[in-house]
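Geometric and topological summary
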Amino acid sequence: MKGVLNMTKLGFYNGLREIGGTFVVVETDTARCMFDFGFANADIIDNKVSCAPCDMAYYYVNLGILTPMDGIYDDTTAHKLGLKSYSEDTKKNFFIISHMHIDHMGGLGMLDPEVPVYMSSDSLKLYRAIASTGEAEVREHKNCIGIDYDKTFTVEDITVKVVQVDHDVVGACGFIIETKDGSICYTGDYRFHGFHRDITENFAKTCHGANVMITEGVTASFEDIDMLSLEEPADMGNSEEVVEEYMRDKIANEEGLIVINNYNRNVERIHRLINVCKSEGRTLVLEPIQAEYVHAFYPEDEISIYAQNLDECCFDIPDDWKKVSRKDLISNPSKYVLQQDYKHIYELIDLKDVLSLYVHMDGAPLGDYDPSYKKLHDFMDKLEINYEHKGTGGHSRPYYLRYMIDHIEPGTLIPLHSFRPEQVMSEHAGCRILPEYGDFYELKNGKLSKINN
Ligand SMILES: [Zn+2]
Ligand SMILES: [Zn+2]
């Protein structure tokens, strides 16, 4: 019965001890706020196995990739899963999405099309570009609402503020979620070594004193860390600036063609690289999808695209984008840098005689957990291509995870999005909780207490 419990509950599902698929619920008597909606372990899906789009949500829930939850799937899917569908649920269900990485948004095309999904206005701009270039999983989710940074919106008795963070994708943000019982900040993914450390610092200031802090802990995943004893590193290591300076040097000094394999949603890096190339007398030639992302955010940039594979392109190419052919690259290799997705790597068979360097800069395949990673290296060796790795991740190094918590000083700390969340700690958090799948907590006067299921 409506209003009887009159409490705020936090529920924890996917993504607690893994990197990706974070699914947390903040629920009152009338509304349910959920974040995020990506994939935890989608690599168990084999793209050699056929899967009808309308059945994907059902399959993904059964495989544990998506969370079974009332009020978010369409009638057919929900009923097969024994859940209430979106249209049947009397609660106001909505999502908030921190950023456009697949591990945070890959499931959007599997929601009931009517579910409201809030994100930053920049994320929405990128999401629409992702959809228009055919890159959205399953289908584009239509009912998305863009909210500007620092603005709030309210659904029933839950108010959410969108607070920008710096990450390696444009549009990234975290949130402050408030009900009458307290405040919860969710960091999303963040870093201090991007072009905008100030933005992440500002997130900490804005969230200072939150009752509950839910933070990512990716970089605490891989080795033993005594987080409390970490000291501030002397420098930021491979920051975005360091990567850019490395590229500037190569662009100025390599004699032949340079090919880069980058992550195409890190739009600012490519925007800046267009200008670095220009100042060094080269042209950065983009694949159409990358060009579309740059154009969405930097419409003033002069765009050059590679004229191979244009038949794959599913959107209209503006007339003022300059087309650069394979012949152009071969006759004047020192005048170009080619941005290339791994998908098109066989193109290098034609370009290898003029290619002086291939730089792997955060593009896919990213690491040896991906079976394609070895194939990329085998290919490079087979063709005797000179290749280097120069990238920088999107996640705060361990010291800076603690730095963020130290500065927010939450009442309760909840680390997740990490293989080893127990390694994430700070002396400036009141207490710490490491929830298990399906755990529920009541939030009352800013404090969390476990609800026995
Ligand atoms: Zn993530
Ligand atoms: Zn991310």
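Given the structure is predicted, the values throughout are model-derived calculations rather than measurements. (Residues numbered from 1 in each chain as written. Chains lettered and ligands numbered in written order. Predicted model: local features only at pLDDT ≥ 70, side-chain atom pairs only at ≥ 80, totals over all residues.)

Our focus in this paragraph is the overall build of the protein. Regarding its fold elements, the protein presents 12 helices and 22 strands. For 453 residues, the compact-globule estimate of 2.2 N^0.38 gives 22 Å, and the C-alpha radius of gyration of the protein, at 23 Å, lies within 12% of that figure. Counting all 453 residues of the protein, 45% fall into the buried class. (Helix = DSSP H or I, 4+ residues; strand = E, 2+ residues; numbered from the N terminus. Rg over C-alpha atoms; globule rule 2.2 N^0.38 Å. Buried ≥ 20, exposed ≤ 12 C-beta atoms within 10 Å, placed from the backbone.)

Below, the discussion takes up the packing of helix α6 (residues 240-253) against helix α7 (residues 267-279). Here α6 crosses α7 at 30°, and the two axes come no closer than 10 Å. By the criterion of interaxial angle, the relationship of α6 to α7 is roughly parallel. Crossing geometry of α6 relative to α7 is assigned as right-handed. Taking contact as the criterion, the partners of Glu-240, Glu-244, Met-247, Arg-248 and Ile-251 in α6 are, on α7, Arg-269, Arg-272, Leu-273, Val-276 and Cys-277. Residue composition of the contact of α6 with α7, grouped by class: five nonpolar, no polar and five charged. (Axes fitted to C-alpha atoms, helices over the stretch in contact; angles between N-to-C directions. Parallel < 35°, antiparallel > 145°, perpendicular 65-115°, else oblique. Left-handed = near helix turned anticlockwise from the far one by under 90°. Contact = placed C-beta atoms within 7 Å. Nonpolar A, V, L, I, M, F, W, Y, C, P; charged D, E, K, R; others polar.)

Let us look at the domain arrangement of the protein. The accessible area lost on association of the parts is a frequent measure of interface size. What the domain assignment lists for the protein is domain 1 (8-229 + 395-451) and domain 2 (240-389). One C-alpha centre belongs to domain 1, the other to domain 2, and the line joining them spans 32 Å. Tallying the contact residues gives 14 residues for domain 1 and 14 residues for domain 2. Class assignment of the residues belonging to the side of domain 1 that touches domain 2 gives a composition of six nonpolar, five polar and three charged. (Domains from an automatic or database assignment.)

A few words now on the sheet that holds strand β17 (residues 355-361). One open sheet holds the seven strands; their spatial order is β15-β14-β13-β16-β12-β17-β18, and the pairing between them is parallel. In this open sheet, the two edge strands, each paired with only one partner strand, are β15 (322-324) and β18 (387-389). In this sheet, neighbouring strand axes are inclined to one another by 30° on average, regardless of whether the strands run parallel or antiparallel. In the sheet, strand β12 (residues 257-262) pairs with strand β16 (residues 336-339) via three bridges, with the strands oriented parallel. Considered in β16, the bridge of Val-259 is made with Leu-338. (Pairing = 2+ DSSP bridges.)

This part is about the sheet that holds strand β3 (residues 31-35). An order of β6-β5-β4-β3-β2-β1-β21-β22 is seen for the eight strands of this open sheet, with the pairing classed as mixed. In this open sheet, the two strands that pair with only one neighbour each are β6 (144-147) and β22 (447-451). Neighbour-to-neighbour, the strand axes of this sheet turn through a mean angle of 25°, independent of strand direction. As judged from the four bridges shared by strand β2 (residues 24-27) and β3, these two strands associate in the antiparallel manner. Considered in β3, the bridge of Val-25 is made with Met-34. Across the sheet, helix α4 (residues 121-132) is in contact with β5 (117-120) and β6; its angle to β5 comes to roughly 105°.

Okay, the environment of Arg-432 next. Structurally, Arg-432 can be placed in strand β20 (residues 431-432). C-alpha separation for the pair Arg-432 and Tyr-403, spaced 29 residues apart in sequence, amounts to 16 Å. With sequence-adjacent residues up to four places away left out, Arg-432 is seen in contact with Leu-413 and Met-425.

A word on the nonpolar core. In terms of nonpolar packing, the biggest core is built from 114 residues, with Phe-95, Phe-175, Met-213, Val-285 and Val-337 touching the most fellow members. Once you skip the residues sitting within four places of it in the chain, Val-337 turns out to touch Ile-251, Ile-258, Ile-260, Cys-277, Arg-282, Leu-284 and Val-285. (Core = buried A, V, L, I, M, F, W, Y, C linked by C-beta atoms within 7 Å.)

Here we come to the pairing of strand β21 (residues 440-444). Burial of the side chains of β21 is restricted to one face: Tyr-441 and Leu-443 are buried, whereas none of Phe-440, Glu-442 and Lys-444 on the reverse face is. Pairing between strand β1 (residues 8-12) and β21: four bridges, direction antiparallel. What sits directly across from Gly-11, in β21, is Phe-440. One ladder, built from five bridges, connects β21 with β22; its direction is antiparallel.

Here the focus is unusual backbone geometry. Following Phe-35, the chain continues to Asp-36 via a peptide bond in cis, the omega torsion being -25°. With a phi close to 60°, Asn-309 is a non-glycine residue in the positive phi region. Tracing the sequence through the fold places Asn-309 in the loop between β14 (304-306) and β15. Its identity as a non-glycine residue notwithstanding, Glu-384 has a phi of 55°, on the positive side. With respect to the helices and strands, Glu-384 occurs in the loop between α11 (371-382) and β18. Take Glu-384: there are 7 C-beta atoms within 10 Å of it, and that puts it in the exposed class.

Right, let's get into helix α8 (residues 288-297). Burial analysis of α8 places seven of its 10 residues in the buried class, the great majority of the element. All of the buried residues along α8 are Pro-288, Ile-289, Gln-290, Ala-291, Glu-292, Tyr-293 and Val-294. The inward-facing, buried residues of α8 contact α4, α7, β13 (283-286), β14 and β16.

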